[in-house]
Amino acid sequence: MQEIFAKIETIARKIDTLIKEGESGYSTSSNQTGDVQLKLDIASDKIIEEQFKDVPSIKAIISEEKDDILTLNENGRWIVCYDPLDGSSIVDYNLSVGSIFGIYEDSLDGKGLVASAYIVYGPRLELVIAKRGSKPALYRFNQDKFEKIREITLNSSGKINAPGGTQKNWLPHHKEMVEALFAKGYRLRYSGGMVPDLHQILLKGGGLFSYPATTDKERGKLRALFEVIPFALMFVEAGGGAIDDNLNSLLEHKPTKIHGTTPCFFGSNEEIEVVKSYYGK
């Protein structure tokens, strides 16, 4: 699996350069879920495919920007699911964005996930890697290589509240929960990019990120295989929690289709208990 992580380091450097120098704006095509693709999305996807196709241990790749599974090596062991450029719509406003990777074996679900990684393209180029049974590790690019900075551990609680979804479409109990957290002194932190928002919660040691079911998106917006399950491993291994709106662990989630979505809540343990108290009513 180390060769996959080495390729992700190369991908990080190439996409970082693409973001700074590449052509932005919308393309004329849409992805499988109907989102109009940005030119950076398409170019990032091509970079990742080119890097992974030479890794013999990768059996197949599944991208948020591709309709179907792409088999690379019939005898490979791993299936890598990825979001090439999460938050690409905010690149033109010079906000941080990222790439997300989930490495699966045997089954495309929470139990089949064995490791995950994400890249943050911001003022610093950073990479976080999580494996089953070990703390997520933060790496920072310095001159010509990624250097390990520290392991990530969540506190029992935090003060960040990052609620996603259009507020007018929130369900009453979700709105009540969000307002209750603000009443306790939580600070709003929401950029419109999943990677930078969750990265901030992880590095600051706690808080809550939520993307719930809404009246216009009954199963939420975030894709399980590419975004939700990989980050669930990050939060659980960091000592926090990751659950859906039925209060089930996202590491138990079984998507019914490749591009399936799910409501999701990531946070330190006290915030996850708050979610359970409102969603369990």
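A brief report on the enclosed structure follows.

1. Thoughts on the packing of aromatic side chains
Next, step 1: All chains considered together, the criterion is met by 10 aromatic pairs.
Next, step 2: Judged by centre distance (6.1 Å) and plane angle (50°), the rings of phenylalanine 209 and phenylalanine 266 are tilted. Here the residue phenylalanine 209 occupies a position in strand S13 (residues 208-211), and phenylalanine 266 occupies one in strand S15 (residues 264-267), the gap between them amounting to 57 residues.
Next, step 3: Take phenylalanine 209: its relative accessible area is 1%, and that puts it in the buried class.
Next, step 4: When the centroid spacing of 4.9 Å and the interplanar angle of 65° are considered together, the rings of phenylalanine 265 and tyrosine 279 count as edge-to-face. With phenylalanine 265 in strand S15 and tyrosine 279 in helix H6 (residues 269-279), the pair connects residues that are 14 residues apart, well separated along the chain. By the burial criterion, phenylalanine 265 is buried, and tyrosine 279 matches it.
Next, step 5: By way of ring pairs, the aromatic residues Tyr118, Tyr190, Phe209, Phe231, Phe235 and Phe266 are connected into one cluster.

2. Describing a nonpolar patch on the surface
Next, step 1: Residues Phe182, Leu188 and Tyr190 make up a contiguous nonpolar surface patch of roughly 270 Å² in combined accessible area.
Next, step 2: Mapped onto the fold, leucine 188 is located in strand S12 (residues 187-188).

3. Some points on the sheet that holds S13
Next, step 1: Reading across the sheet, the five strands line up as S12-S11-S13-S15-S14 and stay open at both edges, with mixed pairing between neighbours. If you trace the sheet from one side to the other, it starts and ends with S12 and strand S14 (241-243), each paired once.
Next, step 2: Relative to S12, strand S11 (residues 160-163) is paired through two bridges, and the arrangement is parallel. Bridging from a neighbouring strand, isoleucine 160 pairs with arginine 187 of S12.
Next, step 3: Running at roughly 155° to S11, helix H3 (residues 172-183) makes contact with S11, S12, S13 and S15 of the sheet.

4. Some thoughts on unusual backbone geometry
Next, step 1: Phi at asparagine 94 takes a positive value of approximately 65°, unusual for a residue other than glycine.
Next, step 2: Checked against the element boundaries, asparagine 94 lands in the loop between strand S5 (78-86) and strand S6 (97-104).
Next, step 3: Relative accessible area serves as the criterion here: at 73%, asparagine 94 is assigned to the exposed category.
Next, step 4: The phi dihedral of glutamine 143 falls on the positive side, at around 65°, and the residue is not glycine.
Next, step 5: As for its placement among the helices and strands, glutamine 143 is situated in the loop between strand S9 (137-142) and strand S10 (145-151).

5. Comments concerning a positive patch on the surface
Next, step 1: Where like charges cluster on the molecular surface, the positive patch consists of Lys159, Lys184, Arg187, Arg189 and Lys204.
Next, step 2: Tracing the backbone through its elements, the reader meets arginine 187 in strand S12.

6. Considerations on the nonpolar core
Next, step 1: In terms of nonpolar packing, the biggest core is built from 40 residues, with Phe209, Phe231, Phe235 and Phe266 touching the most fellow members.
Next, step 2: Counting residues per element, this core draws most heavily on helix H5 (residues 224-237), which supplies 10 residues.
Next, step 3: In terms of nonpolar packing, the next biggest core, distinct from the first, is built from 32 residues, Ile58, Ile61, Ala115 and Phe146 among them.

7. Observations regarding the pairing of S10
Next, step 1: Across six bridges, S9 lies against S10 in antiparallel orientation. Directly across from alanine 137, in S10, lies its bridge partner glutamate 151.
Next, step 2: Taken together, S9 and the strand that follows it, S10, pair antiparallel across an intervening segment of two residues, in which glutamine 143 is found at a positive phi of about 65°.

8. Details of the sheet that holds S5
Next, step 1: Taken together, the eight strands give an open sheet; going across it, the order is S4-S3-S5-S6-S7-S8-S9-S10, and neighbouring strands pair in mixed fashion. At either margin of the open sheet sits one strand with a lone partner, and together these are strand S4 (70-71) and S10.
Next, step 2: As paired elements, strand S8 (residues 125-131) and S9 share four bridges and run antiparallel to each other. Bridge pairing in S9 links isoleucine 129 to alanine 137.
Next, step 3: Packed on one face of the sheet, helix H1 (residues 2-21) meets strand S3 (58-63), S5, S6, strand S7 (113-121), S8, S9 and S10 and runs near 25° to S7.
Next, step 4: The strands touched by helix H2 (residues 39-52) within the sheet are S3, S4, S5 and S6, with S5 carrying the most contacts at an inclination of about 150°.

Here is what the cut-offs are and how they apply
- Residues numbered from 1 in each chain as written.
- Predicted model: local features only at pLDDT ≥ 70, side-chain atom pairs only at ≥ 80, totals over all residues.
- Heavy atoms only, no water.
- Phe/Tyr/Trp six-rings, centres within 6.5 Å; stacked < 30°, edge-to-face > 60°.
- Helix = DSSP H or I, 4+ residues; strand = E, 2+ residues; numbered from the N terminus.
- Buried < 20%, exposed > 50% of the residue type's maximum accessible area, 1.4 Å probe, protein only.
- Patch = residues over 30% accessible without salt bridge, like charges linked within 9 Å, V, L, I, M, F, W, Y side chains within 5 Å.
- Areas by Shrake-Rupley, 256 points an atom, 1.4 Å probe, with all protein chains shown as cover.
- Salt bridge = Lys/Arg side-chain N within 4 Å of Asp/Glu carboxyl O.
- Pairing = 2+ DSSP bridges.
- Contact = heavy atoms within 4.5 Å.
- Axes fitted to C-alpha atoms, helices over the stretch in contact; angles between N-to-C directions.
- Lys, Arg positive; Asp, Glu negative; His and termini not counted.
- Charge placed at Lys NZ, Arg CZ, Asp CG, Glu CD.
- Core = buried A, V, L, I, M, F, W, Y, C linked by side-chain atoms within 4.5 Å.

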